[in-house]
Amino acid sequence: METMKRTKIRELLASKEIGKEVNVKGWVRTKRGNKNVAFIALNDGSTIHSIQIVIDVAGFNPDDLKLVTTGACINVNGILVESQGSGQAVEIQATTLEVYGTADADTYPLQKKGHTLEFLREIAHLRPRTNTFGAVLRVRHNMAYAIHKYYNDRGFVYLHTPIITGSDAEGAGAMFKVTALDLDNLPRTEEGAINYKEDFFGKSTNLTVSGQLEGELGAMALSEIYTFGPTFRAENSNTPRHLAEFWMIEPEMAFYDIKDNMDLAEDFIKYLVKYALENCKDDLEFLNKMYDNELIERLTFVTNNAFKRLTYTEAVEILLASGQKFEFPVAWGIDLQSEHERYLVEKVFNCPVILTDYPKEIKAFYMKQNEDGKTVRAMDVLFPKIGEIIGGSQREENYDKLLARIQELHIPEKDMWWYLDTRRFGAAPHSGFGLGFERLILFVTGMANIRDVIPFPRTPQNAEF
Ligand code: 4AD
Ligand code: MG
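Just so we're clear, the structure is a prediction, and the values are computed from it rather than from any experiment. (Residues numbered from 1 in each chain as written. Chains lettered and ligands numbered in written order. Predicted model: local features only at pLDDT ≥ 70, side-chain atom pairs only at ≥ 80, totals over all residues. Heavy atoms only, no water.)

Colleague: In this structure, what is going on with unusual backbone geometry? I would like to understand it.
Modeller: As a rule of thumb, non-glycine residues mostly have phi less than zero, and peptide bonds are mostly trans rather than cis. Phi is positive for His 410, which is not a glycine, with a value near 55°. In this structure, His 410 sits in the loop between α11 (399–408) and α12 (417–424). Not every positive phi belongs to a glycine, and Gln 461 is a case in point at roughly 65°. Summarising the element assignment, Gln 461 is placed in the segment after α13 (437–445). (Helix = DSSP H or I, 4+ residues; strand = E, 2+ residues; numbered from the N terminus.)

Colleague: Can you walk me through the packing of α11 against α12 in this structure?
Modeller: What describes two packed helices is the angle between their axes and the distance between those same axes. Contact pair α11 / α12: the axes reach a minimum separation of 9 Å and the direction vectors enclose 155°. Here α12 runs roughly antiparallel to α11, going by the angle between their axes. Residue-level contacts link Tyr 399, Leu 402, Leu 403 and Ile 406 of α11 to Tyr 419, Leu 420, Arg 423 and Arg 424 of α12. Looking at the contact of α11 with α12 residue by residue, the classes come out as 6 nonpolar, no polar and 2 charged. (Axes fitted to C-alpha atoms, helices over the stretch in contact; angles between N-to-C directions. Parallel < 35°, antiparallel > 145°, perpendicular 65-115°, else oblique. Contact = heavy atoms within 4.5 Å. Nonpolar A, V, L, I, M, F, W, Y, C, P; charged D, E, K, R; others polar.)

Colleague: Can you walk me through the packing of aromatic side chains in this structure?
Modeller: A ring pair, where both rings are aromatic, is described by two values, the distance of the centres and the angle of the planes. Within the structure shown, the criterion is met by 21 aromatic pairs. Taking 5.1 Å as the distance between ring centres and 90° as the angle between the ring planes, the aromatic pair formed by Tyr 150 and Tyr 151 counts as edge-to-face. Each member of the aromatic cluster is reached from another via a ring pair, and the members are Tyr 145, Tyr 150, Tyr 151, Phe 156, Tyr 158, Tyr 226, Phe 268, Tyr 271, Tyr 275 and Phe 433. Note that Lys 363 overlies the ring of Tyr 358, its terminal NZ or CZ placed 4.3 Å from the centroid. Against the face of Tyr 419 rests Arg 423, its NZ or CZ located 4.3 Å from the ring centre. (Phe/Tyr/Trp six-rings, centres within 6.5 Å; stacked < 30°, edge-to-face > 60°. Lys NZ or Arg CZ within 6 Å of the ring centre and 35° of its normal.)

Colleague: Explanation requested: the sheet that holds strand β13 (residues 353–359) in the structure shown.
Modeller: Across a sheet, strands are paired by hydrogen bonds formed along the backbone, either parallel or antiparallel in direction. With mixed pairing, the 8 strands of this open sheet are ordered in space as β6-β10-β11-β16-β15-β14-β13-β12. Each having just a single partner strand, β6 (157–158) and β12 (308–311) make up the two edges of the open sheet. As paired strands, strand β10 (residues 224–232) and strand β11 (residues 245–254) are joined by 9 bridges and run antiparallel to one another. Directly across from Pro 230, in β11, lies its bridge partner Trp 247. (Pairing = 2+ DSSP bridges.)

Colleague: Explain the site of ligand 1 here, please?
Modeller: Residues in close proximity to ligand 1 total 23 residues, the closest being Glu 170, Gln 212, Glu 250, Glu 388 and Ile 389. Contact distances for ligand 1 include 2.8 Å between an oxygen atom and a backbone N or O atom of Ile 389. In the model, an oxygen atom of ligand 1 is placed 2.9 Å from a nitrogen or oxygen of the Arg 395 side chain. Those elements that provide at least two residues to the shell around ligand 1 are β11, β15 (387–394) and β16 (430–436). Top contributing element to the shell around ligand 1 by residue count: β15, with 5 residues. Here the shell around ligand 1 is built from residues that sort into 8 nonpolar, 8 polar and 7 charged. (Near = heavy atom within 4 Å. Polar contact = N/O pair within 3.5 Å; in protein donor to acceptor, adjacent residues only side chain to side chain.)

Colleague: Before we go on, may I ask you to explain the pairing of strand β2 (residues 37–43) in this structure?
Modeller: Remark: a regular strand shows side chains that alternate across the two faces of the sheet. Taking burial as the measure, the 7 residues of β2 include 5 buried ones, the bulk of the element. Examined bridge by bridge, strand β1 (residues 21–33) and β2 share 6 bridges and lie antiparallel to one another. Directly across from Arg 32, in β2, lies its bridge partner Phe 39. (Buried < 20%, exposed > 50% of the residue type's maximum accessible area, 1.4 Å probe, protein only.)

Colleague: Mind showing me how you'd approach the domain arrangement of the protein chain here?
Modeller: By a widely used convention, the size of an interface equals the accessible area lost when the partners come together. Looking at the protein chain, the domain boundaries give domain 1 (9–101) and domain 2 (127–159 + 212–452). The distance between the C-alpha centroids of domain 1 and domain 2 comes to 45 Å. Listed per partner, the contact involves 8 residues of domain 1 and 8 residues of domain 2. Both faces considered, domain 1 and domain 2 share a buried interface measuring about 620 Å² in area, 41% of it formed by carbon and sulfur atoms. Between the two partners, domain 1 and domain 2, sit 0 salt bridges. Counting across the interface, domain 1 meets domain 2 through 5 residue pairs in polar contact (both at pLDDT 80 or more). (Domains from an automatic or database assignment. Buried area = accessible area lost by both parts, 1.4 Å probe. Salt bridge = Lys/Arg side-chain N within 4 Å of Asp/Glu carboxyl O.)

Colleague: I would appreciate a short explanation of the nonpolar core in the present structure.
Modeller: Burial of nonpolar side chains together is a common tendency in soluble globular proteins. Judged by nonpolar contacts, the single largest core of 63 residues is most densely connected at Met 143 and Tyr 151. Ranked by residues supplied to this core, first place goes to helix α6 (residues 258–279) with 10 residues. Met 143 has contacts with Leu 272, Tyr 275, Ala 276, Phe 437, Leu 440, Ile 441 and Val 444, leaving out every residue within four places of it along the chain. Listed in part, the 29 residues of the second largest apolar core include Leu 319, Ala 364, Tyr 419 and Leu 420. (Core = buried A, V, L, I, M, F, W, Y, C linked by side-chain atoms within 4.5 Å.)

Colleague: Looking at this structure, how should I read a nonpolar patch on the surface?
Modeller: Residues Ile 163, Ile 164, Phe 200 and Phe 201 make up a contiguous nonpolar surface patch of roughly 410 Å² in combined accessible area. Inspection of the secondary structure assignment puts Ile 164 in strand β7 (residues 164–165). Of the residues examined, Ile 164 reaches a relative accessible area of 37% and is grouped as partly exposed. (Patch = residues over 30% accessible without salt bridge, like charges linked within 9 Å, V, L, I, M, F, W, Y side chains within 5 Å. Areas by Shrake-Rupley, 256 points an atom, 1.4 Å probe, with all protein chains shown as cover.)

Dropping the structure here:
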């Protein structure tokens, strides 16, 4: 078949060049027709929309046409013509057709439409070919791009923090071990413990739960940095909002107090949601229609309304006074559960909420201690349908106070000397937060399960693909 430069379907559907000879390649979504003419809906992932290929059967090899089934990959030359049918402006009148790869109708799992999301999780290697996952993955890409654009436009430096870490001090969750030791023949110390001195790094190492601690080192030199990378938590939380491997964006800023931190978090999320509304219109309209009729309305609302800000203590008082029965009873000092967070967001305020000044016992050692001796300058951003989407704080920059907290919590000081050094040399007030990327994508797409917004989810008992 004659080689012609391929045009993406997204571009063809917007093209006004009627009569032009074009080449298109993609995967067959459906084929219908009669003995004279066949209509193929072809999709190449560049847009949610498929383009219609019209085949005058007489001009083609019947054996080739038989191979054009749902899921097959084809290469088509043809003429861009005005569409006869409704629903699209243009279609392609095929002149030549080549089948790149067949997809046997009896065994191709996506032969029929309308599979459940649960079933699609079992075929995560093929689900990107569905409209739903095409839409989610394009939105995900656009959000990643918008995150880099947001920080780049504001002079933040993208800092690559390590994925393998020698410290496990963050306390954000259970960690996955990284080792090159032979697990069937572990070297032992005289006391019988595993001898990590003989391991690859000469010490015990893990996959990181957060880039924050290293991010702070960057902020103490570059003023404003952000990280954007994978993080790992080995908790056995089988919920629609937890992954064992998830992506996090962690900005860290010198000279920001907690108020500046909240302002940045609010502006950042609003920017991302607005970016999605402006740049992912077709995909959001599809998701709005198929999964969540209030999606676009909710996204628009978030971009136009101020987030409600209040303290943890005020929130607890509201929850206690609500008369609402919760599965986990409310009392000052508890770690708020998703049901409490969502009650505040969805029933009390009807908008995103930022809670601050949490009890120090339920937050990390590095958060700035308040005058009251009981609370720390933490902030969590809570979203409708999601609960916590961002966690952050102003950091404790006072060496003595930070060290006292490290000792109180029995965090090994030998692991923390480099972190403490930033409080010894040129310490600055600073703040930062972490946005869970998949939680953001949940919110923006309206999907209900976090396994459906990452291409290959890692959850307990699941690392097949
Ligand atoms: O609240 P977290 O644990 O905060 C930190 O890790 C800080 N070091 C961030 C910082 O201040 N730089 O996690 C931050 C966010 C959460 O708000 C949530 O959106 C997301 O990360 N997250 C998860 N997302 C998916 N699966 C999990 N298991 C998650 N755990 C946290
Ligand atoms: Mg948190």
